[in-house]
Amino acid sequence: MEQKIWLSSPHMGGKEQQYIQEAFEANWIAPLGPNVTGFEDDLQQYLKDNVEVAALSSGTAALHLALILLGVQAGDEVICQSMTFSASANPIRYQGAIPVFVDSEPDTWNICPIALENAIVDRIRKGNKPKAIIAVHLYGMPFKVDEVLTIANKYEIPLVEDAAEALGSTYKEKACGTFGTFGVLSFNGNKIITTSGGGALVNASKEQKEKAVFLATQARDTAAHYQHSEIGYNYRMSNICAGIGRGQMEVLDAHIALRREMNAFYHKLLSNVKGVTIFAEPNEEFYSNHWLTAIVLDEKVLGKTAKALRLALEAKNIESRPLWKPMHLQPVFEEYPYYGEKVAENLFNSGLCLPSGSNLRDEDRTRIAEVISHFFNT
Ligand SMILES: *Cc1c(COP(=O)(O)O)cnc(C)c1O
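About the cut-offs
- Residues numbered from 1 in each chain as written.
- Predicted model: local features only at pLDDT ≥ 70, side-chain atom pairs only at ≥ 80, totals over all residues.
- Heavy atoms only, no water.
- Core = buried A, V, L, I, M, F, W, Y, C linked by side-chain atoms within 4.5 Å.
- Buried < 20%, exposed > 50% of the residue type's maximum accessible area, 1.4 Å probe, protein only.
- Helix = DSSP H or I, 4+ residues; strand = E, 2+ residues; numbered from the N terminus.
- Domains from an automatic or database assignment.
- Contact = heavy atoms within 4.5 Å.
- Buried area = accessible area lost by both parts, 1.4 Å probe.
- Salt bridge = Lys/Arg side-chain N within 4 Å of Asp/Glu carboxyl O.
- Near = heavy atom within 4 Å.
- Polar contact = N/O pair within 3.5 Å; in protein donor to acceptor, adjacent residues only side chain to side chain.
- Areas by Shrake-Rupley, 256 points an atom, 1.4 Å probe, with all protein chains shown as cover.
- Nonpolar A, V, L, I, M, F, W, Y, C, P; charged D, E, K, R; others polar.
- Phe/Tyr/Trp six-rings, centres within 6.5 Å; stacked < 30°, edge-to-face > 60°.
- Lys NZ or Arg CZ within 6 Å of the ring centre and 35° of its normal.
- Axes fitted to C-alpha atoms, helices over the stretch in contact; angles between N-to-C directions.
- Left-handed = near helix turned anticlockwise from the far one by under 90°.
- Pairing = 2+ DSSP bridges.

## Re the nonpolar core
Moving on, step 1. With 41 residues, the main nonpolar core has Leu43, Tyr139, Leu167, Leu185 and Phe187 as its most contacted residues.
Moving on, step 2. Elements represented by at least two residues in this core include exactly helix H2 (34–47), strand E1 (52–56), strand E9 (199–203), helix H8 (239–249), helix H9 (252–270), strand E12 (293–297) and helix H12 (343–350).
Moving on, step 3. Split by domain, this core shows at least three residues from each of two domains, domain 1 (16–251) and domain 2 (253–376).
Moving on, step 4. When sequence neighbours within four positions are dropped, the list of residues in contact with tyrosine 139 reads Trp109, Glu165, Phe279, Ser288, Asn289, His290, Trp291, Leu292, Leu323, Trp324 and Cys353.

Written out as structure tokens, the structure is:
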């Protein structure tokens, strides 16, 4: 069997081990330390807009802290884009709050502004104004930021921006992760950069960041003894993981360029295939890091399904994956309210994510092209 081609695998830049080595030499193995501060500085400079970044143990932890800092409590309602990874929605339940799921729109596959406003109006009418909106930049594609922010501001509901997949993406030349009351990043193993596991909360102010770090380090009051007046969490990033992150930041833009080249490769490969749509930026205001390239197959035109393509790739040891199954269709969330039509559901039924790693080689692309061309008889 030929070597496995992964959907998206870690891609080290070269300097990561040096930062870890420095941590070992100074015995900064414990959480916190110079790599954590350095990684946070790197992210702040990259994102611009005077944001304050707190490096955390995961993107999920960042989402959880965002909801806590917004005062979300048991019984509150929180709106969440349905088409996403479950980690966007799980923290709502950690708080005992109720997720209200909203459909996608076809341009960006992200939260539909019309369905969002319908949901807000209906929840307010039912006497339960949502406490927050979680919108996601899926696969690196910015959601319709202006439209979503206009609605969030109109109803005075804070926006939590799940940019876990979108580090390096921009909307109107402003970085994803900097639009919401809070932004969330992830550095899990398969994301655009990795710290082997980690995340960050993007804050609008120093005070907000300090509060997040306080909660993420067990909520210790200022006292020599261990004094606590709030429930805390162990959510901080370790100095070792942050060392990997510093090395990864040096190659982030180069790796985004490579992901975008993978996207261009698929455009070229599939441009003449009727019935295949490649997920693309709606216009030049949207700039995607193209973390994953996804396609949608029109079964009526092609007489073939996304599943059949996935199995054809798998037979050659090439990984591909269905799109995120919408949360309102998940057994664990199906009892909660949903607003929208079947946009997300149809995408899930007909879409496929293709190998998109920044570390794929020419021979990998040749193998991928062979399977895909054969599948579509081109
Ligand atoms: C990966 C991901 C998360 C969670 O990040 P972790 O660091 O894995 O906890 C949240 N939301 C989305 C959309 C993701 O893709």
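## Let's talk about the domain arrangement of the protein
Moving on, step 1. Here the protein is partitioned into domain 1 (16–251) and domain 2 (253–376).
Moving on, step 2. Placing the centre of domain 1 and that of domain 2 at their C-alpha centroids yields a distance of 25 Å.
Moving on, step 3. Domain 1 puts 46 residues into the contact, and the matching count from domain 2 is 39 residues.
Moving on, step 4. Between domain 1 and domain 2, roughly 3800 Å² of surface is buried when both sides are summed, and carbon and sulfur atoms account for 66% of that area.
Moving on, step 5. Where domain 1 touches domain 2, the interface holds zero salt bridges.

## Some remarks on the site of the ligand
Moving on, step 1. Around the ligand there are 16 residues in total, and Thr60, Asp162, Glu165, Ser186 and Lys191 lie nearest to it.
Moving on, step 2. Side-chain polar atom of threonine 60 to an oxygen atom of the ligand: 2.5 Å apart, as the coordinates give it.
Moving on, step 3. For the ligand, an oxygen atom lies 3.2 Å from a polar atom in the side chain of lysine 191.
Moving on, step 4. Expressed as a share of its isolated accessible area of 380 Å², the protein-covered part of the ligand is 94%.
Moving on, step 5. When residues of the shell around the ligand are assigned to their parent elements, the largest contribution, three residues, is made by helix H3 (residues 59–69).
Moving on, step 6. Here the residues of the shell around the ligand are counted per class, giving five nonpolar, eight polar and three charged.

## Points about the packing of aromatic side chains
Moving on, step 1. Counted according to the given criterion, the structure contains 13 aromatic pairs.
Moving on, step 2. Considering the side-chain rings of tyrosine 139 and phenylalanine 279, the 6.5 Å spacing of their centres and the 85° angle between planes classify their relative orientation as edge-to-face. Of this pair, tyrosine 139 sits in the loop between strand E4 (132–136) and helix H6 (145–154) while phenylalanine 279 sits in the loop between strand E10 (276–278) and strand E11 (286–287), and the two are 140 residues apart along the sequence.
Moving on, step 3. Given a relative accessible area of 1%, tyrosine 139 falls into the buried group.
Moving on, step 4. Look at phenylalanine 279 and you get buried, because its relative accessible area is 5%.
Moving on, step 5. Members of the aromatic cluster, joined through ring pairs, are Phe85, Trp109, Tyr139, Phe279, Trp291 and Trp324.
Moving on, step 6. The cationic tip of lysine 304 hangs over the ring face of phenylalanine 375; the distance from NZ or CZ to the ring centre is 4.8 Å.

## Observations regarding the packing of H3 against helix H7 (residues 206–216)
Moving on, step 1. Between H3 and H7, the least distance of the axes is 11 Å, while the angle of their chain directions is 115°. Our pair here, H3 against H7, has a crossing hand that is right-handed. Seen from H3, the contacting residues are Leu65, Ile68 and Leu69; seen from H7, they are Lys211, Ala212, Leu215 and Ala216.
Moving on, step 2. Here the residues of the contact of H3 with H7 sort into six nonpolar, no polar and one charged.

## Points about the sheet that holds strand E7 (residues 174–175)
Moving on, step 1. Pairing is antiparallel in the open sheet, where three strands are placed in the order E7-E6-E11. Unpaired on one side and paired on the other, E7 and E11 mark the two borders of the sheet.
Moving on, step 2. Examined bridge by bridge, strand E6 (residues 170–171) and E11 share two bridges and lie antiparallel to one another. The residue of E11 that forms the bridge with tyrosine 171 is phenylalanine 286.

## Focus: the side chain of aspartate 364
Moving on, step 1. Tracing the backbone through its elements, the reader meets aspartate 364 in helix H13 (residues 362–375).
Moving on, step 2. A polar contact is formed between the side chain of aspartate 364 and the backbone nitrogen of arginine 361, at a distance of 2.8 Å.

## Focus on the sheet that holds strand E14 (residues 351–354)
Moving on, step 1. The antiparallel open sheet is built from three strands, whose spatial order is E10-E12-E14. The sheet terminates laterally at E10 and E14, the two strands that pair on one side only. Taking the axes of each pair of neighbouring strands and ignoring which way they run, one obtains an average angle of 25° across the sheet.
Moving on, step 2. Pairing between E12 and E14: four bridges, direction antiparallel. Following the sheet pairing, alanine 294 is matched in E14 by cysteine 353.
Moving on, step 3. The strands touched by H9 within the sheet are E10, E12 and E14, with E10 carrying the most contacts at an inclination of about 160°.

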